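# Descriptive structure summary
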Amino acid sequence: MLKLIETPPKPTRRETLFLLLVSCLWAAALLFIDPALARAEADALAEAANQLKTAPMAELEQAIGRLAKINDPRVPGLFKALRDGRLFYVKASGRMVLADPKDDGYALADALSGEALGETGRFDVKKIPVNNALRNVLGVAIAQLELNAPDARQRLRAVESIGQNLNADSAALLRRQAEQETDAAVREAIAVALALADLAGTDKSSRLKAIQTLEGSLNQEARNRLANLQEKTDEGGFVEPDSDIRNHAAAALKQIEIKLELNHLGETLFFGLSLGAVLVLSAIGLAITFGVMGVINMAHGELMMLGAYTTYVVQTLMPGHIDGSLFVAVPAAFVIAGLVGIAIERGIIRFLYGRPLETLLATFGLSLFLQQTVRSIFSPLNRSVSTPSWMSGSLEINSALSLTLNRFYITLFSLLVFLALLAILKRTRLGLEVRAVSQNRAMAKAMGIRTDWVDAMTFGLGSGIAGVAGVALSQLTNVGPNLGQAYIVDSFMVVVFGGVGNLWGTLVGGLALGVADKILEPYAGTVLAKILMLVFIILFIQKRPRGLFPQKGRAAEA
Amino acid sequence: MNRLIKTLRSVGAVTALTVLTGLAATPAQAEDTIKVGILHSLSGTMAISETTLKDTMLMLIEAQNKKGGLLGKKLEPVVVDPASNWPLFAEKARELLQKQKVAAIFGCWTSVSRKSVLPVVEELNGLLFYPVQYEGEESSKNVFYTGAAPNQQAIPAVDYLMNDLKVKRWVLAGTDYVYPRTTNKILEAYLKSKGVKPADIMINYTPFGHSDWQSIVADIKKFGSTGKKTAVVSTINGDANVPFYKELGNQGITADKLPVVAFSVGEEELSGIDTKPLVGHLAAWNYFMSVDTQENAAFIKQWQAFIKNPKRVTNDPMEAHYIGFNMWVKAVEKAGTTDTDAVAKALIGVEFPNLTGGVAKMNKAHHLSKPVLIGEIQEDGQFQTVWQTKGLVDGDAWSDFLPESKPIIADWTPPINCGNYNTKTKKCSGQKY
């Protein structure tokens, strides 16, 4: 420390003069030449950034505020890294770095220049912590900085973020942006945000105009503000004294409500279809083994569980390629679950054909066995399966309706699996043989079909599909030893409801049950909705014991 | 296999000891070990949480034996597996007490398993240490509650949301069984006492292992879109949390806009989850692995060495067992015997340091005093403490916010000696607990 405050040796007069001249030149250069100025700013940036790591939690907000004032293209990146928990500093040197987990440590890059700095151990760097309050501050700061981003979507998000907590400063910022904005969607968002600001003002004509702008807007804030205008105070009078404004607002609100209601309907339909798709996916394997072969396979859920664990293993084997992992996991799960299925058929079920009760007990025992095996190998704890980036988030249709991507893709996937299975059964030789054996075993045998082999293949196919369903489920629920149990009852329900032995029945039955469940849920609650569904199915089976689409003809008698 | 070797080893040790001491000792001292019952599910749904507690107990017993055992005798763990089957819990407890004659039982996780064991330990006069946060409204002479009562977890968490995050609208979401239902009843009464309007409270129950959260999350989103700050108080149990948080993330609900504070999500549960969608959401516990104290560092080190996995996490119920076991040891030493009545009497007032700071004290209602911590979930599955109570909070068996249990207290010291004494009528109600 002493060394630092030691005074430098006194310069001679000539040196002083020289220094003076140089500093004058510097000052001139600073005024006229941009790069030098930029360098000074960059230093300020580095200094302000460094404060992030020393500031205690309570003062981080001010440090962020200082950084936000510096006009530098790197600031938004820095903020985003901080918000996402990627901003670290090296304990030894104090250098600010961006760190991404790699193997057991981190891959580092300089926080400001982006220059790669190689890898480091887990304990050599320390994260700069953020909490919810700071994330909020960062969100607003990033939005303000991104208002002039080249990407229109980024600008749109920025406008929405600013609009949520608008003050005089940011309103002025938006007005300026409105003048130069080219993208229509962004312009509209700005108009709504500004209308909200006007609505809070005192000038009547501009408030009425604001209400007009807000008419039909699906913006959440717009709806709330219009609704607030209708509220009454505790004394019974209206909060808003001007009845003209109140009435206009009420009319605008009504329009918004109708629009929202329609969107809500669309949302419920999507929820129902996606739930139905999951039901179809988990039941369709069973539709083969139970529906076509007539085997009550209680271990069907465990085959799905195997598929889900396959996803986990695949992701563990290829840690750097989460996005692509599912494309490997689907065929892998099909093969593994299929092989296990064939083994089950050859090892147990073929001795029990025609004895449903014994089959039920044996496969139930098998399901417990599979669960405990997985528990022993992978531990009883759930395993963490990551969601690929293309499956997280949602597809925004408008600000009131967005479809979650994972459900969306799984619905598509479910239909795809259904069509593929249908094609196999209707268009391939295996499918032909399967149908022949299931319709009349003795006759098929007489025609030279190896029924043993067909049985094994059919069961393998059904099991493989269960494995594929497991991959999809790993994206929705926990991957643990009990995964299968949660779906086995639902699967049987769908197959029985749809009509045993009919794939179309499974599809329609699954989707119908899904939609009905989601329509009931808001009124009856989750638990009661499920009970009502069960009661409905029991009554339905009483009336039509063979399900929605019963098999007709002689095959049905067999 | 390991367990078999361990049992063989302990049998070997016992025989050796018997031979050695048998020469000098009188026949009256034939009992050479003190048996400790461990009643945690090792298979079935609850195995995910309870297996860890079994291992924790084995570690604590092993450490105690290294220190020379208890009252000059070695401790012998007796592990049974009630297989997540509630009636089986009662059977196994009976087996432990009648056949194995254990001095104390450490066990149970779900409230329903505790309720099933309760009549057995009372009938056979055993000791049960229950390590999990629970709904309160109970105090048995034979049970010591080392987990949090509602006033040590739920109420402080709500206070934090109300005062620090200025939350005005509340979603109480829970799994449909006794703990969430009772906790939400208490919370609803508490919120109403703080002037929250019924229209600003939304209550939702889902079955165990619920996985399709689409419409519930959409409802929560709608409920939270009125412009008033909204928070979710979650008593959702176990597995169902993962799809719930995933759905929140996918529907764009982030912690800074609509925080979720959970009472059943700990480090152990987070280790099986892709934590990205959870970052910033909250949890309330009495213990976090990330708390920086010397005792905690030593405990983590001991645990990871015992389980031979440097990545294994510690959690709140583990701390509860750690405190409970050490208190039991102290009480047995104080009483000089393992006799249930003597130990139960000695346990009241016993003190032992918490891993998170402060000293836990067993109070007259058989509950502990603990600090309450609120933490934000981090990307690495750990919690960052964002708030904590100033001092320790004393566990209260009967909630002061339910009108019917307000006048009731539990006091297991004379002259009251009752688990549900009504201070108004001055009567101990006939119920056993």
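Throughout, a residue's number is its position along its own chain's written sequence, starting from 1. Chain letters start at A and ligand numbers start at 1, both assigned in the order the entries are written. The model is predicted, so local features are restricted to residues of pLDDT at least 70 and side-chain atom pairs to those at 80 or more, both for listing and for counting; the totals for chains, interfaces and linings are taken over all residues.

We now examine the environment of Val437 of chain A. Residue and element names in this part refer to chain A. For helices the rule is a DSSP run of H or I covering at least 4 residues; for strands it is a run of E covering at least 2, with both sets numbered from the N terminus onward. With respect to the helices and strands, the residue Val437 is situated in helix H17 (residues 429-439). Measuring from C-alpha to C-alpha, the distance between Val437 and Met293 comes to 8.6 Å, with 144 residues separating the pair along the chain. Any pair of residues counts as being in contact when their C-beta atoms, constructed from backbone geometry, are within 7 Å of one another. With sequence-adjacent residues up to four places away left out, Val437 is seen in contact with Ala444, Ile449, Thr451 and Val454.

Moving on to the interface of chain A and chain B. Taken together, the contact pairs 43 residues of chain A with 41 residues of chain B. Of all the secondary-structure elements, those providing two or more residues to the side of chain A that touches chain B are helix H6 (132-146), helix H11 (220-229), helix H12 (243-292), helix H15 (356-378), helix H16 (405-427) and helix H21 (503-543) of chain A. Per-element tally for the side of chain A that touches chain B: the top contributor is H21 of chain A, with seven residues. Considering only residue class, the side of chain A that touches chain B consists of 11 nonpolar, 24 polar and eight charged. Residues are grouped as follows: Ala, Val, Leu, Ile, Met, Phe, Trp, Tyr, Cys and Pro are nonpolar; Asp, Glu, Lys and Arg are charged; every other residue, Gly included, is polar.

The next thing to look at is the environment of Leu60 of chain B. Residues and elements named next belong to chain B. With respect to the helices, strands and loops of the structure, Leu60 is situated in helix H2 (residues 47-66). For Leu60 and Ser225, which are 165 residues apart along the polypeptide, the C-alpha to C-alpha distance reads 49 Å. If we skip the residues at most four places from it in the chain, Leu60 touches His321, Tyr322 and Phe325.

Looking now at the domain arrangement of chain B. When the parts come together, some accessible area is lost, and that loss is often what is quoted as the size of the interface. All names here are of chain B. Domain borders in the structure are assigned automatically or taken from a domain database. Domain annotation of chain B identifies domain 1 (2-21 + 30-148 + 293-370) and domain 2 (151-292 + 374-394). Each of domain 1 and domain 2 has a C-alpha centre, and the two are 29 Å apart. Among the elements of the structure, H2, helix H4 (111-123), helix H10 (294-306), helix H11 (316-335) and strand S13 (369-370) are those that each provide at least two residues to the side of domain 1 that touches domain 2. The residue inventory of the side of domain 1 that touches domain 2, partitioned by class, reads six nonpolar, 12 polar and five charged.

The next subject is the sheet that holds strand S14 (residues 373-377) of chain B. All names here are of chain B. Note on pairing: two strands pair once DSSP finds at least 2 bridges between them. On the basis of which strands lie adjacent, the open sheet formed by seven strands has the order S7-S6-S8-S9-S10-S14-S15 and mixed pairing. The sheet terminates laterally at strand S7 (201-206) and strand S15 (383-388), the two strands that pair on one side only. Each neighbouring strand pair of the sheet contributes to a mean axis angle of 25°, computed without reference to strand direction. Taken together, the three bridges between strand S8 (residues 230-235) and strand S9 (residues 260-262) define a ladder with parallel strand orientation. Within S9, the residue paired with Val232 across the bridge is Val260. Where helices are involved, their axes are fitted lines through C-alpha atoms of the stretch in contact, as for all axes, and angles between N-to-C directions lie from 0 to 180°.

Residue and element names in this part refer to chain A. Between helix H13 (residues 300-317) and H15, the least distance of the axes is 9 Å, while the angle of their chain directions is 20°. Classed by the angle they form, the pair H13 and H15 counts as roughly parallel. Like other packed secondary-structure pairs, H13 and H15 cross with a definite hand, here left-handed. Across the interface between the two elements, Gly301, Glu302, Met305 and Tyr309 from H13 touch Ser367, Leu370, Gln371, Val374 and Phe378 from H15. Taken together, the residues of the contact of H13 with H15 break down into five nonpolar, three polar and one charged. Here is the rule for angles: anything less than 35 degrees is roughly parallel, anything more than 145 is roughly antiparallel, 65 through 115 is roughly perpendicular, and the remaining ranges are oblique. Two helices cross in a left-handed way if the nearer one is turned anticlockwise from the farther one by less than a right angle. They cross in a right-handed way if the turn is clockwise.

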